[in-house]
Every structure is written in C-alpha cells, then in structure tokens.
Amino acid sequence: MSVLVNKDSKIIVQGFTGSEGSFHAEQMIDYGTNIVGGVTPGKGGTTHLGKPVFNTVSEAVEKAGADTTIIFVPPAFAADAIMEAADAGIKVIIAITEGIPVSDMIKASDYIKGKDCRLIGPNCPGVITPEEAKVGIMPGFVFKKGKVGIVSKSGTLTYEAADQVVKEGYGITTAIGIGGDPIIGTTTKDAVEMLVGDPDTECVVMIGEIGGQLEAEAAKWYKESGSKKPVIGFIAGETAPAGRTMGHAGAIVGGSEDTAQAKKAILKDSGIYVVDSPAEIGKKVAEVLSK
C-alpha cells in the first residue's frame with residue numbers, strides 16, 4: 001500500500017517542455033515513474049522525451065487517461081494550471097512552483113474545494129512512493145521501500161529523514177512534501193491522517209517548522225484519534241528570531257503558540273515522540289519500531 005501515488009498512477013507534467021519541467025520529467029521517467037505525457041499550450045501533437053504533448057489537461061485526461069499531475073508552470077500562471085487540472089478531473093495535483101502570489105492561491109484554493117481532487121503544495125518537493133513513483137524533485141536514490149511514512153514542510157529535511165530511516169534498516173512507504181507557503185492544499189493533519197490510515201505504514205515522521213498552527217492541528221487530531229501508530233515529530237526553527245519570515249513564506253511566528261518550543265510541548269502532550277535535532281530522527285524511528 002501507499003498513499004497518493006503508486007506504480008499505477010498515470011502522471012502528466014504541466015509545463016512539460018520548459019527547462020524545469022524537462023529536467024525533472026527526465027529524472028522521473030528514469031526512476032520508472034509512469035509519465036503518460038505532458039501539457040504545453042501550443043505544442044499539442046508533438047512529442048517530448050518520447051512522450052506525447054497535449055495542449056490542455058482535459059485532452060491529456062481524455063487521450064492518455066491521466067489521473068495525476070505535477071506542475072512546473074511559472075508563478076504567474078501556476079494557480080490557473082492548478083484550477084485547469086481540477087476542472088479536467090485530475091485526482092492528485094502536485095504543485096512544485098515556488099512564489100505563487102498569495103492572492104492567486106486564495107482563488108485556486110477556493111475554486112478546487114468543490115472538486116474531487118487533492119492538491120499537494122505549492123512550493124513543495126512533491127510525493128514519492130519508493131520503487132513505484134517519484135512525482136517530484138527529490139533525489140530518488142535516497143528513498144527505499146519500507147514501512148515509515150514521512151510528512152514534511154521542508155524538502156531537504158524530507159531527504160535527510162528518509163536517508164536516516166533507510167540507514168537504520170527501515171524504508172519508506174510514501175514521503176509527502178506539503179510545502180512551506182501560507183496557503184497549501186494538503187495540511188500536516190491531512191497527510192498524517194492519510195499515513196496513519198495506511199495499513200503498510202507502521203510509523204510516521206512529521207517534520208514541521210515555526211509559524212502557523214498546522215502541526216498543532218495534526219497533534220490534536222492524532223490525540224483524539226486514539227491511534228497507537230507511533231509518530232515522531234521534529235520542529236525546525238528553534239533559534240529563529242520572532243517576527244521574521246525564515247525561508248518559507250509560512251514560517252513566521254505570529255503568536256506564542258507558533259514558536260518551536262510551544263509546538264514541541266503540544267506534540268509531546270499529544271503522545272508524539274519529539275526529537276530536538278533532525279540528526280536524531282532515524283535513531284528515534286529505530287528505537288520506537290524495535291519496542
């Protein structure tokens with residue numbers, strides 16, 4: 001089992017023929033991901049990287065049976081790309097694009113609420129189910145198949161956590177990079193809930209950061225769910241100065257509960273194993289799973 005993507009997913013790339021889309025599509029194809037084509041308006045009917053190019057997402061759905069998309073469209077047009085994918089009936093929309101205006105994301109987020117789809121991102125590394133589908137920009141060689149799920153706001157910490165878990169002799173079911181923008185499609189709670197509900201995932205690693213309430217909401221859900229599936233949590237940004245945006249647009253401390261210390265206390269109170277350094281994630285996973 002896995003969540004969101006697997007070997008049967010039929011994936012298209014929006015922004016397929018651009019430099020970013022081309023580079024990462026080639027990496028995904030080399031990984032073995034089932035890319036069925038891509039979308040670049042005006043280039044429909046041609047081929048790129050040996051795959052068909054379509055003018056619209058609806059054409060890709062109709063002709064290639066696409067059910068998943070990854071978006072490498074420039075920020076000014078990315079929200080439109082998200083809405084187009086939702087309109088066309090795509091079930092999983094993974095937006096890699098960084099720097100989408102917040103006003104655009106408010107519109108896109110409202111627009112897709114009534115649609116049968118799930119948005120991951122934007123400003124995220126994507127989703128990987130090891131040895132089945134890499135729908136993102138993560139280094140695939142780091143990830144090996146196993147029984148630990150990863151949810152992370154940070155791209156680099158996703159890879160770091162996966163590397164540690166693998167080196168401890170455990171692999172990954174699915175790793176989800178949710179993105180660090182103020183408005184994202186899938187929250188920490190949503191992703192944790194999916195992995196806790198996955199029968200093959202025996203443990204979840206949740207990597208958060210200062211700013212916002214996403215980790216607190218996930219912790220509250222976990223406590224109320226009564227789940228016995230262990231969750232290991234790490235909160236980045238302990239030494240960040242209050243009131244300053246740090247890297248991610250969503251990582252700004254607005255209130256007392258937004259700090260790393262406050263979030264860690266909430267996680268511990270909810271029964272989550274909290275580590276103080278990302279270097280401890282792998283060891284904690286091994287310790288918890290060997291009990």
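About the cut-offs
Per-chain numbering applies: the sequence of each chain, read as written, is numbered from 1 onward. Reporting in this predicted model follows two pLDDT cut-offs: at least 70 for local features of residues, and 80 or more for side-chain atom pairs to be given and counted; totals over whole chains, interfaces and linings ignore these cut-offs and use all residues. Just so you know, side-chain values use all the structure's heavy atoms and leave hydrogens and water out. Comment: elements are numbered from the N terminus, with helices defined as DSSP H or I runs of at least four residues and strands as E runs of at least two. Only protein chains enter the accessibility calculation, which uses a 1.4 Å probe; a residue is then buried when its area is under 20% of its type maximum, exposed when over 50%, and partly exposed in between. A pair of strands is considered paired only if DSSP assigns at least 2 bridges between the two. Whether two residues are in contact is decided by their heavy atoms, any of which lying within 4.5 Å being enough. To obtain each axis, a line is fitted to C-alpha atoms, and for helices this fit is confined to the stretch in contact; angles are then taken between N-to-C directions over 0 to 180 degrees. We define a polar contact as two N or O atoms separated by no more than 3.5 Å, with the added condition that, inside protein, one atom must be a possible hydrogen donor and the other a possible acceptor, whereas residues neighbouring each other in sequence contribute only through side-chain atom pairs. Between the first and last residue of a helix there are one fewer steps than residues, each counted as 1.5 Å, and that sum is the expected span. Counted as salt bridges are all cases of a side-chain nitrogen of Lys or Arg within 4 Å of a carboxyl oxygen of Asp or Glu. Each nonpolar core is a collection of buried residues, namely Ala, Val, Leu, Ile, Met, Phe, Trp, Tyr and Cys, held together in the definition by side-chain atoms within 4.5 Å.

A. Here's a closer look at unusual backbone geometry. Cis geometry is found at the peptide bond from Gly-121 to Pro-122, where omega equals 10°. The residue Pro-122 is located in the loop between strand S7 (118-120) and strand S8 (126-129) in this model. The phi dihedral of Asn-123 is positive, around 55°, even though this residue is not glycine. Positionally, Asn-123 belongs in the loop between S7 and S8. The buried category is assigned to Asn-123, whose relative accessible area is 12%.

B. Fine view of the sheet that holds S8. In spatial order, the strands read S9-S8-S11-S10-S12-S13-S14; together these seven strands make up an open sheet with mixed pairing. The open sheet has two free edges, formed respectively by strand S9 (133-136) and strand S14 (273-274), since each of these has just one partner strand. Looking at chain direction, strand S13 (residues 231-236) and S14 are connected through two bridges and run parallel. Within S14, the residue paired with Ile-232 across the bridge is Tyr-273. Each of strand S10 (145-152), strand S11 (172-177), strand S12 (203-209) and S13 is contacted by helix H5 (residues 155-167), which is oriented at about 155° to S10, the strand it contacts most. Along the sheet, helix H9 (residues 281-289) makes contact with S10, S12, S13 and S14, crossing S12 at roughly 150°.

C. Main features of the side chain of Ser-152. Residue position: Ser-152 is located in strand S10. We classify Ser-152 as buried; its relative accessible area is 0%. A distance of 2.7 Å separates a polar side-chain atom of Ser-152 from the backbone oxygen of Ser-154. Beyond its immediate sequence surroundings of up to four residues, Ser-152 is in contact with Leu-157, Thr-158, Ile-176, Gly-177, Ile-178, Gly-179 and Ile-207.

D. View of H9. With seven of nine residues buried, H9 is to be regarded as a mostly interior element. Restricting attention to buried positions, one finds in H9 the residues Ile-281, Gly-282, Lys-284, Val-285, Ala-286, Val-288 and Leu-289. On the buried face of H9, the contacting elements are S10, H5, S12, S13 and S14.

E. Layout of the pairing of S11. Burial of S11 is extensive: six of the six residues sit out of reach of the surface. Sheet analysis places S8 next to S11, joined by three bridges and oriented antiparallel. Considered in S11, the bridge of Ile-128 is made with Ala-175. Bridge count between S10 and S11: five bridges; the pairing is parallel.

F. The arrangement of helix H3 (residues 75-87) in detail. When the terminal C-alpha atoms of H3 are compared, their 19 Å separation across 13 residues agrees well with the 18 Å that a helix rising 1.5 Å per residue should span. Among all positions of H3, only Ala-78, Ala-79, Ala-81, Ile-82, Met-83, Ala-85 and Ala-86 are buried. Structurally, H3 contributes buried residues whose contacts are with strand S1 (11-14), helix H2 (57-64), strand S5 (68-71), strand S6 (92-95), helix H4 (102-112) and S7. Two residues or fewer past H3, Gly-89 is found with a positive phi of approximately 95°.

G. Structural detail: the pattern of salt bridges. Under the defined criterion, the tally for this structure stands at 16 salt bridges. For Glu-238, the salt bridge identified is with Lys-264, shortest N-O distance 2.8 Å. Note that Glu-238 is positioned in the loop between S13 and helix H8 (260-269) and Lys-264 in helix H8, a separation of 26 residues in sequence. By relative accessible area, which is 34% here, Glu-238 ends up partly exposed.

H. Fine view of the environment of Gly-149. Position of Gly-149 relative to the elements: it lies in strand S10. Residues Gly-149 and His-248, spaced 99 residues apart in sequence, show a C-alpha to C-alpha distance of 23 Å. When neighbours within four sequence positions are excluded, Gly-149 is seen to be in contact with Thr-173, Thr-174, Leu-195, Thr-201, Cys-203, Val-204 and Val-205.

I. Inspection of the nonpolar core at higher detail. Formed by 43 residues in total, the largest nonpolar core has its most connected members in Leu-4, Val-13, Ile-70, Ile-94, Ile-176 and Ile-272. Look past the residues within four positions of Ile-176 in its chain and what remains in contact with it is Val-3, Leu-4, Ile-120, Gly-126, Val-127, Ile-150, Val-151, Ser-152, Ala-191, Met-194 and Leu-195. Counting residues in each nonpolar core, the second largest holds 27 residues, with Val-39, Met-83, Ile-90 and Ala-108 among its members.

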